[in-house]
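A look at the structure
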Amino acid sequence: MKKIAFILVSLFAINFSCYCQPNNNDKGFEISKNLEIFSSAYKALQLNYVDNIIPGELIKTGLDAMLESLDPYTNFIPESDIEDVKLQVLGQYGGVGALIQQKDKSIFIYELYEDMPAQKSELQVGDKFLEVNGQSVEGKSTTDVSNSLRGQAGTEIKLKMERNGKVYEKSLMREEIKIKPVSYFGIVGNNVGYIKLNEFTQSSGKDVQTAFEKLKETNPSLKGVILDLRGNGGGLLNEAVNIVNIFVERGQLVVSTKGKVAEKNTFHKTTNAPLDLNIPLVVLVDNGSASASEIVAGSIQDLDRGVVLGQRTYGKGLVQNIVPLTYNAQMKVTIAKYYIPSGRCIQAIDYSHRDETGKPVKVPDSLKTAFKTKKGRVVYDGFGIEPDVETEPEILSPVEISLIQKLLIFDYATQYFNKHAKIEPAKDFEITDQIYNDFKEFIKPRDYSYSTATEKTLSVLQNIAENEQYYSNIQSDIDGLRKKLEQSKSEDLAKHESRIRELLKEEILSRYYFQKGRVEGTIKTDKDVLKAIGIISDKQEYDKILSLSPKK
C-alpha cells in the first residue's frame, strides 16, 4: 500500500506537469518541480521515519495544511465525509434524525427532528446512548457515534439506551433524513406574515414560496411579510435567486459570479413570474447571516424591494464548487466572488493578504466603494450587508451562558418533560412563577459558577499590583470589590430573570413541538420581529426608509 501511494503521487506529478506545461511552461515547471519535491519528501519519510506512517492520514494532513493557507471554505473531503457534504448541499442524509451531545463521558440525544425514525420510535431528548449495533459507545466521541448512526436509508440500526436509570433497546430503520428549510411560518401580529428560513438547501425556494402562498391564501388582508434569515449561514446560490424571484420581476439580475476563468463567470437572473411585487417586505439578518442569505438580503436592498433590519451580516462573498477527485474523494474549492445587483461584492475578509501574524485582513475602509441601489440610495461593498434599520444584538449575560454551557437549562427541560405529558400550545405556553422557582431549586445544588469580565479584570489588576509591589496597599480594596461582586452575582438569577425565562421556554417547547415550537413560542417577544411588524404597519415609515441611504 505504501509503494502504491508513492507511485500514485508520482504519477499525479507527471500528469499534472503534462497538463500545465502547454498553457504556461514556467508555471508548469514550477508545479511539477514542487510536486516532485513533495513526493521525494514523502518517500524519505516512509524509508527513514522512526515510527510507522499511515499513508492516508499523512497525505490528508498535508492537503489540509495546504488548503488552510488559502481560505476556510476550500476543503478536502475524503470519501468517509461524503454524507456530511450531502447534508450541507441537499439538507438530507441517511440516518435516524437526531442531534447528539456529550456531557462528561456520556453521549445523549440533544434534539429530535419531527416525524423522523428516532422520534417515531419514541426516543426522547436526554436519552443516553449505551450501544450502537452492539458496540459500546464508552470512550467514543460524538463524531464516532454520529457516524455510526448515519448510513444508507433502509438499513436497520439497533440501539441500547438509558432513560432515568432504566435501560431499553430499540431497532430503527434508517431513513433519508430531510431537514425542512422553513422551520416555521405564520401570522405574528397585526396581520403580518412571518417565514423563518434556516438554510438554503435544494427545496428552500419552493418551501418559502409555498409558505408565502399559504399566508396569502389564509389571510387575504395580509399587510406584509417578514423573512427571517438570522443565523442562516447560506447554501445553494440558485435557491437564493429563487427566493428573490418571489418578490421581483422575471429577468432581474440577482447575482453574478466572477473568477479566474472569464468563460466560467455566471449571471443569475430570475426566471419565473413573481408572486407579489408590491407587498411590504422586511428581511431580518444578523452577524450569522452569510453567503446565500446575504445574496437575498443584499439583492432586496439593492433593488429597493424591501427593508433589511437587524445587524451587519457576516460578509461572505465567495463561491464554492465541489470538484470530484479520485477514489470518491472530493474537494470544495473557492472559484469566484459574487456580486449583487448594484455591482458590489460583500466579501469582508481578504484572504490573499495576511498580517504579520499570518491572519487574513479585513477590507480597509479606504478601499470600500460606494454603490447605488435602483432608486439611488448609497450602499457600500466590503463588509457584508449593512441593514437599513440597525438593531442591537441580544447579548447573553455570564449567568445565562453558564446555564446553557453546563446544560442546566437543558437538563431541567428534560426533567419537566418527563413529569408533564402535555402542555399548552406553543403560542400560549409561558414560564410561570412556579416553574421558574422550581428551576431555581433545581440548580441550587448544581455547579453553574462563572467568571465575569469584571472579576477577570480584578485578577489581572491583582497580578500587576503584586509584580509592582503595590498589592499590600490595595488588597483590602480589591477584596472589598470582590465581595461586592459576589453579592451582585447572587442576584443574577433575578436580574436576568426575563431572559432566562425565555431560554427555559424555548428549551421546554422543543421537547413537545420540536424546531417549530422553538420559534412559535418565542416570536411574540422577539424585539427584531416586533420592530419589523411596526415598520410594515406604518406605510409612511416603510416608504421613508426605502427613500434614505443606509447608515454610513
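Cut-offs used in this document
- Residues numbered from 1 in each chain as written.
- Predicted model: local features only at pLDDT ≥ 70, side-chain atom pairs only at ≥ 80, totals over all residues.
- Heavy atoms only, no water.
- Helix = DSSP H or I, 4+ residues; strand = E, 2+ residues; numbered from the N terminus.
- Buried < 20%, exposed > 50% of the residue type's maximum accessible area, 1.4 Å probe, protein only.
- Contact = heavy atoms within 4.5 Å.
- Areas by Shrake-Rupley, 256 points an atom, 1.4 Å probe, with all protein chains shown as cover.
- Axes fitted to C-alpha atoms, helices over the stretch in contact; angles between N-to-C directions.
- Parallel < 35°, antiparallel > 145°, perpendicular 65-115°, else oblique.
- Left-handed = near helix turned anticlockwise from the far one by under 90°.
- Nonpolar A, V, L, I, M, F, W, Y, C, P; charged D, E, K, R; others polar.
- Core = buried A, V, L, I, M, F, W, Y, C linked by side-chain atoms within 4.5 Å.
- Patch = residues over 30% accessible without salt bridge, like charges linked within 9 Å, V, L, I, M, F, W, Y side chains within 5 Å.
- Salt bridge = Lys/Arg side-chain N within 4 Å of Asp/Glu carboxyl O.
- Phe/Tyr/Trp six-rings, centres within 6.5 Å; stacked < 30°, edge-to-face > 60°.
- Polar contact = N/O pair within 3.5 Å; in protein donor to acceptor, adjacent residues only side chain to side chain.
- Pairing = 2+ DSSP bridges.
- Expected span 1.5 Å × (residues − 1).
- Arc of directions from axis to C-beta.

1. Regarding the overall build of the chain
- Tallying secondary structure elements over the chain gives 18 helices and 23 strands in all.
- Out of the 552 residues in the chain, the part that is buried amounts to 44%.
- Taking as baseline every contact in the chain between residues at least 6 positions apart, the subset at least 24 positions apart corresponds to 68%.
- Carbon together with sulfur atoms contributes 52% to the accessible area of the chain, which is approximately 29800 Å² in total.

2. Topic: the packing of helix H7 (residues 204-218) against helix H8 (residues 237-245)
- Two elements in contact, H7 and H8, have axes whose closest approach is 8 Å; the angle formed by their N-to-C orientations is 20°. Classified by the interaxial angle, the pair formed by H7 and H8 is roughly parallel. The two elements H7 and H8 cross, and the hand of that crossing is right-handed. The residues of H8 that touch H7, namely those facing Ser 204, Gly 205, Lys 206 and Val 208, are Glu 239, Asn 242 and Ile 243.
- Split into classes, the residues belonging to the contact of H7 with H8 amount to two nonpolar, three polar and two charged.

3. A closer look at unusual backbone geometry
- Although it is not a glycine, Asn 191 sits at a positive phi angle of roughly 60°.
- Structurally, Asn 191 can be placed in the loop between strand S10 (182-189) and strand S11 (192-197).
- The backbone phi angle of Gln 469 is positive, close to 60°, even though this residue is not glycine.
- Within the element layout of this structure, Gln 469 appears in the loop between helix H13 (453-467) and helix H14 (471-489).

4. Some remarks on the nonpolar core
- The biggest cluster of nonpolar side chains holds 59 residues, and the ones touching the most others in it are Ile 195, Ile 226 and Val 296.
- Leave out the neighbours within four places in its chain, and Val 296 touches Phe 200, Leu 227, Leu 229, Ala 240, Ile 243 and Val 244.
- Ranked by size, the runner-up nonpolar core spans 24 residues in total, among them Tyr 412, Tyr 436, Tyr 450 and Leu 509.

5. Remarks on the packing of H13 against H14
- Running from N to C, H13 and H14 point in directions that differ by 170°, and their axes come no closer than 11 Å. Comparing their axes, H14 and H13 come out roughly antiparallel. Packed against H13, whose contacting residues are Thr 454, Glu 455, Leu 458, Ser 459, Leu 461, Gln 462, Ala 465 and Glu 466, the element H14 presents Tyr 471, Ile 474, Ile 478, Leu 481, Arg 482, Leu 485, Glu 486 and Lys 489 at the interface.
- Of the residues contributing to the contact of H13 with H14, the split by class is eight nonpolar, three polar and five charged.

6. A short note on a nonpolar patch on the surface
- A contiguous nonpolar surface patch, about 380 Å² in accessible area, is contributed by Leu 45, Tyr 49, Val 50 and Leu 58.
- Relative to the helices and strands, Val 50 is located in the loop between helix H2 (25-48) and helix H3 (55-68).

7. Overview of the packing of aromatic side chains
- Applying the stated criterion across every chain, the model contains 12 aromatic pairs.
- When the ring of Phe 417 is compared with that of Tyr 512, the centres are 4.9 Å apart and the planes differ by 70°; the resulting orientation is edge-to-face. One end of the pair, Phe 417, is in helix H11 (residues 408-419); the other, Tyr 512, is in helix H16 (residues 497-522), and 95 residues separate them in sequence.
- Relative accessible area serves as the criterion here: at 14%, Tyr 512 is assigned to the buried category.
- Here the aromatic residues Tyr 412, Tyr 416, Phe 429, Tyr 436, Phe 439 and Phe 442 are joined through ring pairs into a cluster of three or more.

8. Re the side chain of Thr 313
- By the secondary structure assignment, Thr 313 is in the loop between strand S16 (307-310) and strand S17 (318-324).
- Among the polar contacts listed, one links the side chain of Thr 313 to the backbone nitrogen of Ile 385, at a separation of 2.6 Å.
- In this structure, Thr 313 is in contact with Val 285, Asp 286, Asn 287, Ser 289, Glu 294, Phe 383, Gly 384 and Ile 385, ignoring residues within four places of it in sequence.

9. Side note on the pairing of S17
- With seven bridges joining them, S17 and strand S18 (residues 330-339) adopt antiparallel strand pairing. Across the sheet, the residue bridging to Leu 318 is Lys 337, located in S18.
- Hairpin connection from S17 to S18: five residues lie between these consecutive antiparallel strands, with Tyr 327 at a positive phi of about 55°.

10. Structural notes on the sheet that holds S10
- Overall, mixed pairing links the six strands, which are arranged S10-S11-S12-S15-S16-S23 in an open sheet. Strands with a single pairing partner mark the edges of an open sheet, and in this sheet they are S10 and strand S23 (389-390).
- Where S10 meets S11, six bridges bridge the pair, whose relative direction is antiparallel. By the bridge assignment for S11, Val 182 is matched with Leu 197.
- Across the sheet, H16 touches S10 and S11, and the angle it forms with S10 is around 25°.

11. Concerning H7
- Taking 1.5 Å per residue as the helical rise, H7 with its 15 residues ought to reach 21 Å, and the 21 Å between its terminal C-alpha atoms agrees with that figure.
- Every buried residue of H7 is listed here: Ser 204, Gly 205, Val 208, Ala 211, Phe 212 and Leu 215. The buried residues of H7 occupy an angular sector of 130° when projected down its axis, which confines them to one face. When the buried face of H7 is taken as reference, the exposed residues oriented beyond 90 degrees from it are Lys 206, Glu 217 and Thr 218.
- Elements in contact with the buried residues of H7: S10, S11, strand S12 (224-228) and H8.

12. Focus: H13
- Taking 1.5 Å per residue as the helical rise, H13 with its 15 residues ought to reach 21 Å, and the 21 Å between its terminal C-alpha atoms agrees with that figure.
- Turning to H13, its buried residues number three or more, namely Glu 455, Leu 458, Gln 462 and Ala 465. Seen from one end, H13 has its buried residues packed into an arc of 80°, which puts them on one side. Facing away from the buried surface of H13 by more than 90 degrees, the exposed residues are Ala 453, Lys 456, Thr 457 and Asn 467.
- Residues of H13 that are buried make contact with H14.
- Positive backbone phi, approximately 60°, marks Gln 469, located one or two places after H13.

13. Describing the pattern of salt bridges
- Using the criterion set out here, one finds 33 salt bridges in the structure.
- For Asp 411, the salt bridge identified is with Lys 103, shortest N-O distance 2.5 Å. Of this pair, Asp 411 sits in helix H11 while Lys 103 sits in strand S3 (residues 98-103); the two residues are 308 residues apart in sequence, bridging distant segments of the chain.
- The class of Asp 411 is partly exposed, set by a relative accessible area of 21%.
- Between Glu 430 and Lys 524 there is a salt bridge whose closest N-O contact spans 3.0 Å.

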